[in-house]
Amino acid sequence: MTHPGLLARIEARPEHAAQVQELLENALELARGETGTVTWYSFKLGPTTFGVFDTFDDEAGRQAHLSGPIAAALMDIAPTLLAEAPDIRHVDVLAAKLP
């Protein structure tokens, strides 16, 4: 059985990388409050490149997340803190090793 997910790549403006990192670190609390979000990870790929990977039990959970507070926060900061709009891709998780 596949599970819906999202993979987002976020490119910060160099002078705002620390602020974007802080936002992603603080977003964990918001993700914990989303009942439809099964897993949520934020990560750093380079000095100004960040990402988010999350999974959901169903499409309703993915859609709720896309219209939730984390997505809203990203869209709010995009014009000033990001070098470009976040690249958000829908993925389907085929297999996973969980604890």
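Above: the structure in question.
Not measured: the values here are computed from a predicted model.

Participant: Now, about the nonpolar core: what can you tell me, with residues and values included?
Facilitator: Core analysis: the biggest nonpolar cluster contains 17 residues, and I10, V20 and F50 have the highest contact counts within it. If you list the elements that add at least two residues to this core, you get strand 1 (3–11), helix 1 (17–32), strand 3 (49–56) and helix 3 (69–81). When neighbours within four sequence positions are excluded, I10 is seen to be in contact with V20, L24, T48, T49, F50, V52, L74, L82 and P86.

Participant: Can you lay out the sheet that holds strand 1 for me, pointing to particular residues and giving the numbers?
Facilitator: The antiparallel open sheet is built from 4 strands, whose spatial order is 2-3-1-4. A single partner strand is all that each edge strand has here, and the edge strands are strand 2 (37–44) and strand 4 (87–93). This sheet shows a mean twist of 15 degrees between the axes of neighbouring strands, independent of strand direction. Relative to strand 3, strand 1 runs antiparallel, the two sharing 7 bridges. Along strand 3, the bridge assignment pairs A8 with V52. Its contacts with the sheet place helix 1 against strand 1, strand 2 and strand 3, and it is angled at close to 165 degrees to strand 2.

Participant: So what's going on with helix 3? Which residues, and what values?
Facilitator: Over its 13 residues, helix 3 runs 17 Å from end to end, which matches the ideal 18 Å to within 8%, given 1.5 Å per residue. Turning to helix 3, its buried residues number three or more, namely I70, A71, L74, I77, A78 and L81. Elements in contact with the buried residues of helix 3: strand 1, helix 1, strand 2 and helix 2 (59–66).

Participant: How would you summarise the side chain of T55 if you had to cite specific residues and measurements?
Facilitator: Position of T55 among the secondary structure elements: in strand 3. In terms of polar contacts, T55 uses its side chain to reach the side chain of T39, at 2.5 Å. Not counting residues within four places of it along the chain, the set of residues in contact with T55 comprises P4, G5, G36, T37, V38, T39 and V93.

Conventions and cut-offs
- Residues numbered from 1 in each chain as written.
- Predicted model: local features only at pLDDT ≥ 70, side-chain atom pairs only at ≥ 80, totals over all residues.
- Heavy atoms only, no water.
- Core = buried A, V, L, I, M, F, W, Y, C linked by side-chain atoms within 4.5 Å.
- Buried < 20%, exposed > 50% of the residue type's maximum accessible area, 1.4 Å probe, protein only.
- Helix = DSSP H or I, 4+ residues; strand = E, 2+ residues; numbered from the N terminus.
- Contact = heavy atoms within 4.5 Å.
- Pairing = 2+ DSSP bridges.
- Axes fitted to C-alpha atoms, helices over the stretch in contact; angles between N-to-C directions.
- Expected span 1.5 Å × (residues − 1).
- Polar contact = N/O pair within 3.5 Å; in protein donor to acceptor, adjacent residues only side chain to side chain.

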